[in-house]
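# Chain and residue survey
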Amino acid sequence: MGPVFLRSSFFKSYKPRTYKKGDVIIFQAEAPRYAHVVKEGIVKAYNLTLNGDEKPVAFYKEGDFFPAAWIFSKLASSTFFYEAFSKKVDVYCLEREKFISFLKSDPEYIYYVLERCISDELSQMMHINALQQSRASDKIIYILHFLAISTGSVPSKQDLRLNIRLTHQDLANLTGLTRETTAVELNKLKKSGLISYGPGKPYCIHLNKLSVLANDRYLQELTIPNGLSKFH
């Protein structure tokens, strides 16, 4: 049902816009007209290299808003592309001043924003840590771990599950690997029992087997709370 504050009278006064997977909501370098808040679905933020290669930087779920730098008048335009990533995405398009006024008046949403800022900082550090790994298999497992923390759930004490659907190309873009290498390494990880996935099934990381991969104590000692987002 999404975060409670999305059912407030403020949001009920707006009709969300619907986008299908692949629709660009905001273009890079565009001066946005509205503050955007995700009502339902997943939005991907990414950059394009000069060669046209896609480099995802973040995923936004229910209750998240973007582009934050423009909303808070830090930049005059968007630094990334924002694209509908799930099959269907509903987004509230709000006047910036009205949205900021609502933020200031709603303690629950302010707390949510603070919690998300902390989660974003953790996610960014985990993403950087994943990219710094030298082995392809390490890059992939660390990226899956980062995505599970930022957008996933904890179905059991020994498992982390991603709540977004990713192709081999999506993971290749996130890690800087080729699609072919990504597919090979994912199959190896699956056979080793570190991860599981299949047609129509999300990626799941089995934490009890993760220690056989980790070269340091980072993943082995990281404690995951039950319920990655208290607002869902």
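This is a predicted model, so every value here is computed, not measured.

## Some remarks on the pairing of strand β4 (residues 43-48)
- Both β4 and strand β5 (residues 54-60) contribute to a ladder of six bridges, which runs antiparallel. For Leu 48, the partnering residue across the bridge sits in β5 and is Glu 54.
- Taken together, β4 and the strand that follows it, β5, pair antiparallel across an intervening segment of five residues, in which Gly 52 is found at a positive phi of about 85°.
- Bridging between β4 and strand β7 (residues 81-84) involves four bridges; their strand directions are antiparallel. Bridged to Ala 45 within β7 is Tyr 82.

## Section: the sheet that holds strand β3 (residues 35-40)
- The strand order across the open sheet formed by four strands is β1-β8-β3-β6, and the pairing between neighbours is antiparallel. Each edge of the open sheet carries a strand with a single partner, namely β1 (17-20) and β6 (65-66).
- Of the pairings in the sheet, the one linking β3 to β6 comprises two bridges and is antiparallel in character. Within β6, the residue paired with Val 37 across the bridge is Phe 65.

## Focus on the confidence of the model for the chain
- Mean pLDDT for the chain: 84, with 87% of residues reaching 70 or above.
- Per-element confidence in the chain ranges from a low mean pLDDT of 54 for helix α8 (residues 218-221) to a high of 98 for β1.
- In this model residues 225-232 is a low-confidence stretch, pLDDT under 50, and it forms 21 contacts with partners more than four residues away in sequence or in other chains.

## A word on unusual backbone geometry
- Cis peptide bonds are those with omega within 30 degrees of zero, and the linkage from Phe 66 to Pro 67 qualifies with -10°.
- Note on placement: Pro 67 falls in the loop between β6 and α2 (68-71).
- Here the phi dihedral of Ala 29 falls at roughly 75°; this positive angle occurs in a residue that is not glycine.
- Given a relative accessible area of 58%, Ala 29 falls into the exposed group.
- Look at Ser 73: it is not a glycine, yet its phi comes out positive at around 60°.
- With respect to the element layout, Ser 73 can be found in the loop between α2 and β7.
- A residue is classified by how much of its surface remains accessible, and Ser 73, at 55% relative accessible area, is exposed.

## So, helix α6 (residues 168-175)
- Counting buried positions along α6 gives six out of eight residues, so the element sits mostly inside the fold.
- Considered for burial, the residues of α6 that qualify are Asp 170, Leu 171, Ala 172, Asn 173, Leu 174 and Thr 175.
- Residues of α6 that are buried make contact with β5, α4 (107-131), α5 (136-151), α7 (179-192) and β12 (201-206).
- Where α6 terminates, the next one or two residues include Gly 176, which has phi positive at roughly 85°.

## A few points about the layout of surface pockets
- By volume, the largest pocket is sized at about 670 Å³.
- In terms of lining residues, the largest pocket is bounded by 29 residues, among which Ala 58, Tyr 60, Ala 68, Asp 120 and Gln 124 are the most central.
- Taken together, the elements giving at least two residues each to the lining of the largest pocket come down to β5, α2, α4 and α5.
- Of the residues contributing to the lining of the largest pocket, the split by class is 17 nonpolar, eight polar and four charged.

## Here's the deal with the sheet that holds strand β2 (residues 24-26)
- Read across the open sheet, the four strands follow the order β2-β7-β4-β5; overall the sheet is antiparallel. Because the sheet does not close on itself, it has two edges, and the strands there are β2 and β5. Neighbour-to-neighbour, the strand axes of the sheet open up by a mean angle of 35°, direction not taken into account.
- Where β2 and β7 come together, two bridges link them in antiparallel fashion. Its bridge partner being in β7, Ile 26 is matched across the sheet by Tyr 82.

Thresholds applied
Residues numbered from 1 in each chain as written. Predicted model: local features only at pLDDT ≥ 70, side-chain atom pairs only at ≥ 80, totals over all residues. Heavy atoms only, no water. Pairing = 2+ DSSP bridges. Helix = DSSP H or I, 4+ residues; strand = E, 2+ residues; numbered from the N terminus. pLDDT = per-residue confidence, 0-100. Contact = heavy atoms within 4.5 Å. Buried < 20%, exposed > 50% of the residue type's maximum accessible area, 1.4 Å probe, protein only. 1 Å grid on protein atoms, 1.4 Å probe; cavity = no way out; pocket = protein on both sides within 12 Å on 5 of 7 lines; lining within 4 Å. Points joined across faces, edges and corners; volume = space filled by probe spheres on them. Nonpolar A, V, L, I, M, F, W, Y, C, P; charged D, E, K, R; others polar. Axes fitted to C-alpha atoms, helices over the stretch in contact; angles between N-to-C directions.

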